[in-house]
Amino acid sequence: MQLKRPPSALQLGLMAASCALLSHTARAQTVDSAEQPFELDSALLYYKENPGRVQTIEPVVSLKKDFGDQRILGGTFTVDSLSGATPNGALPSRKPQTFASPSSTSLVPQAGKKTTLYAIAPGNLPQDPHFNEQRVAGDADWSQPMGLDNNLSFGGHVSTEHDFDSFATHADYSRDFNEKNTTLSAGLSEEYDQIHAHGGNPVPGSDYELYEHEGGQTKTVSGALIGVTQIMARNWLMDLNYSYDHSQGYLTDPYRILSVLDALGNVTGYRYENRPDSRARQDLYWVNKVAFGPTVLDVSYRRGKDSWGIGSDTAEAHLRIDLGHGVYLEPHLRWYHQSAADFYDLYLSAATAAPQFMSADPRLAAFIGTTAGLKLGVTIGRYGEVSLRLEEYQQRPSDQSSALPQLQGLNLNPNLTATIAQLSWGLQF
Amino acid sequence: MRVRLPLGALTGSIIALSLCGCQTLGVKPWQHDVLARPAMALVSEPMDAAIDDHIYFSKEAASGGRGFGGGGCGCN
Amino acid sequence: MTLGLDAVASAPACRRVYQGPLSEIRAPHFRVALILLVAFLGRPPWVVADESLDLAPLRGRVVYLDFWASWCTPCRESFPFMNRLQNELGPQGLVVIGVNVDRNRADAQEFLRTHPAEFRVVYDPKGELPERFGVRGMPTSVLIDRSGRITLRHEGFFLKDRETLTQQVETLLEDR
């Protein structure tokens, strides 16, 4: 699963195959019997980064049908509308800066070429304000038991936006042991993406002034997952998963650049970023679900590492508090830490030759991310369940300043704060 | 700061142990009442989980890894 | 299929439901009085003492013993099937008994409210009966022939197996 995305898809990226793996439960426990074979799940997501940055509105609709004996067909449809300013990777400077929007085919106005420029005032973080992207995605999956102790499911995913297309499939298998107290699961996924950035894909690592672009690129992601679920007690379920995925191809972000600074911190130019063409990732994910009467605690920890030198730790907890009469409250806390990629740098130095791989993408930097949220859900008889979730996400990078004289007093990688609001409606009929 | 952790070997041994060592761990087939509750499903809110995975996939370097299968009513 | 105590008021429906041992009671007035008494006691139709299940009095009949729970999703499908079995094959000597293993009887009764049982229900919250019968999965149905021997055990309930199950029951019923 790849981080590599143009800002459009990056801000709220599409569900890659490994993500598709996640959202499919091999045993559909919620779809009811022949009397109510359909399950409709819908959500409207509003995501906003403060201040004045990216915002998105995303409706999602999912429909499942049980054809009897837990043979289930499901389909999901997502529309994503993104707009707002997104950082381009360059650092703030004491002097004004001008950049060309990615849709430009030339840095300077020329006949026959399109040039859209945006100016950044001194001290401000360079962000491209002309950001508007629509994405449409569809998923389909089939799940069925095989005999008493096995379950098989497989599915596909397609998504498209102006500069990015993705196709993915996955297959999952699970088997029960010890009178269904133990379950082993395995999954495989395969993804193929086409990246055709606005204005063409820039030559990775090239000089920004030259504005060299090339044709479309592709990448593939292959993933595998194995897991064991164990019933520990009447009210306690434990799950441990190991996943591995490997990405190959064009993994660079076509819209990001790095500032090239002299010894004092003055801008001497910019370079397009360049990332390796392969990335291997491993994750270990441990989940515990414990019921205390009507209250359920979901607590998980994930440890990840990859071949780019990024190590991550994620700790998350949900507490579902049943208030009776079909109403529940669910506070949510998440703590995330990642270390920087080997080739991550705030800027490049003009004095030394450009390294082979480089990126100033804040998503590859070292930071701590925290989330705090609350969800309220109400069941309205046979009209299903409506819920509202409100969360706040904050990223605090560890590298925010530099010793260079011209960069004193500038916040080179500001904190990110985002608000997440989600209205959902689920119904069985 | 990198922690050298043979994740694959660790999971493999845990799986092997659970297969042979867990005859005593667990409940009787007719004691799945609490586990059968929708809130006790491994992924009890798939829509929220998918949306969260979306968001964190776009803003962070790590992603995915969540599993599926197991627990529940244990029926059929 | 949703005949239950709601239909008790109409006599012909009553007779269709209670085709078991009651039909052997010859005195019509006594039969009606008994039906009314059971109706007065409310659902489920035949409330029997918890846990202990004495199958000796049922010697000579075929017993379809089903272990179910309110939280068992396939049981929502198995109940209409077992109701049909009891109604259609009851006269030939079939007795369907549903053993409920819910910890709280209220949960079982909530299930029965939306999925009525037209067969006998026994409550075993401690789980002694499934232990005794070696239940390895939910739901489980055990077929006992006329001589009291356990002949078949089915783990799980699948809609596609209904015909096979019916045939197995009919085969046991033919053996007198």
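Computed from a predicted model, the values in this text were never measured in an experiment.

Enquirer: Looking at this structure, how should I read the packing of aromatic side chains?
Expert: Pairs of aromatic rings are described using the distance from one ring centre to the other and the angle between the two planes. As enumerated under the stated definition, the model contains 20 aromatic pairs over all chains in all. Their ring planes at 75 degrees and their centres at 5.2 Å tell us that Y393 of chain A and Y56 of chain B sit as a pair that is edge-to-face. Within this pair, whereas Y393 of chain A is found in strand β24 (residues 385-397), its partner Y56 of chain B is found in helix α2 (residues 46-59), the two belonging to separate chains. The class of Y393 of chain A is buried, set by a relative accessible area of 0%. For the pair W68 of chain C and F111 of chain C, a centre-to-centre distance of 5.2 Å together with 35 degrees between the ring planes defines the contact as tilted. In this pair, W68 of chain C sits in strand β1 (residues 62-68) while F111 of chain C sits in helix α4 (residues 105-114), placing the two residues 43 residues apart along the sequence. Judged by relative accessible area, F111 of chain C falls into the buried class, the value being 6%.

Enquirer: Please explain the pattern of salt bridges as it appears in this structure.
Expert: Oppositely charged side chains may form a pair once their charged atoms are brought near each other. Residues and elements named next belong to chain A. Using the criterion set out here, one finds 31 salt bridges over all chains in the structure. Between E273 and R275 there is a salt bridge, and its shortest N-O distance comes to 2.4 Å. Given the relative accessible area of 1%, E273 is considered buried. A salt bridge links R275 to D361; its shortest N-O distance comes to 2.8 Å. Of this pair, R275 sits in the loop between β17 (267-272) and β18 (278-292) while D361 sits in the loop between β22 (348-349) and β23 (367-379), and the two are 86 residues apart along the sequence. Note on R275: relative accessible area 3%, which makes it buried. For D361, a relative accessible area of 1% translates into the label buried.

Enquirer: Help me out: how do you make sense of the sheet that holds strand β5 (residues 150-155) of chain C in this one?
Expert: Paired through their backbone hydrogen bonds, the strands of a sheet run either parallel or antiparallel. All names here are of chain C. With mixed pairing, five strands are arranged side by side in an open sheet as β3-β2-β1-β4-β5. In this open sheet, the two strands that pair with only one neighbour each are β3 (120-123) and β5. Across the sheet, the mean angle separating the axes of adjacent strands is 20 degrees when strand polarity is ignored. Relative to strand β2 (residues 94-100), β1 is paired through seven bridges, and the arrangement is parallel.

Enquirer: Help me out: how do you make sense of the packing of helix α3 (residues 75-89) of chain C against helix α6 (residues 162-174) of chain C in this one?
Expert: In a pair of packed helices, the angle between the axes and the distance between the axes together describe the arrangement. All names here are of chain C. Where α3 contacts α6, the axes come no closer than 12 Å and their chain directions differ by 30 degrees. Taken together, the axes of α3 and α6 are roughly parallel relative to one another. Note that α3 runs across α6; the crossing there is right-handed. Every residue of α6 that contacts α3 at F81, R84, L85 and L89 is listed here: R162, L165, T166, V169, E170 and L173. Residues that form the contact of α3 with α6 fall into these classes: six nonpolar, one polar and three charged.

Definitions and cut-offs
- Residues numbered from 1 in each chain as written.
- Chains lettered and ligands numbered in written order.
- Predicted model: local features only at pLDDT ≥ 70, side-chain atom pairs only at ≥ 80, totals over all residues.
- Heavy atoms only, no water.
- Phe/Tyr/Trp six-rings, centres within 6.5 Å; stacked < 30°, edge-to-face > 60°.
- Helix = DSSP H or I, 4+ residues; strand = E, 2+ residues; numbered from the N terminus.
- Buried < 20%, exposed > 50% of the residue type's maximum accessible area, 1.4 Å probe, protein only.
- Salt bridge = Lys/Arg side-chain N within 4 Å of Asp/Glu carboxyl O.
- Pairing = 2+ DSSP bridges.
- Axes fitted to C-alpha atoms, helices over the stretch in contact; angles between N-to-C directions.
- Parallel < 35°, antiparallel > 145°, perpendicular 65-115°, else oblique.
- Left-handed = near helix turned anticlockwise from the far one by under 90°.
- Contact = heavy atoms within 4.5 Å.
- Nonpolar A, V, L, I, M, F, W, Y, C, P; charged D, E, K, R; others polar.

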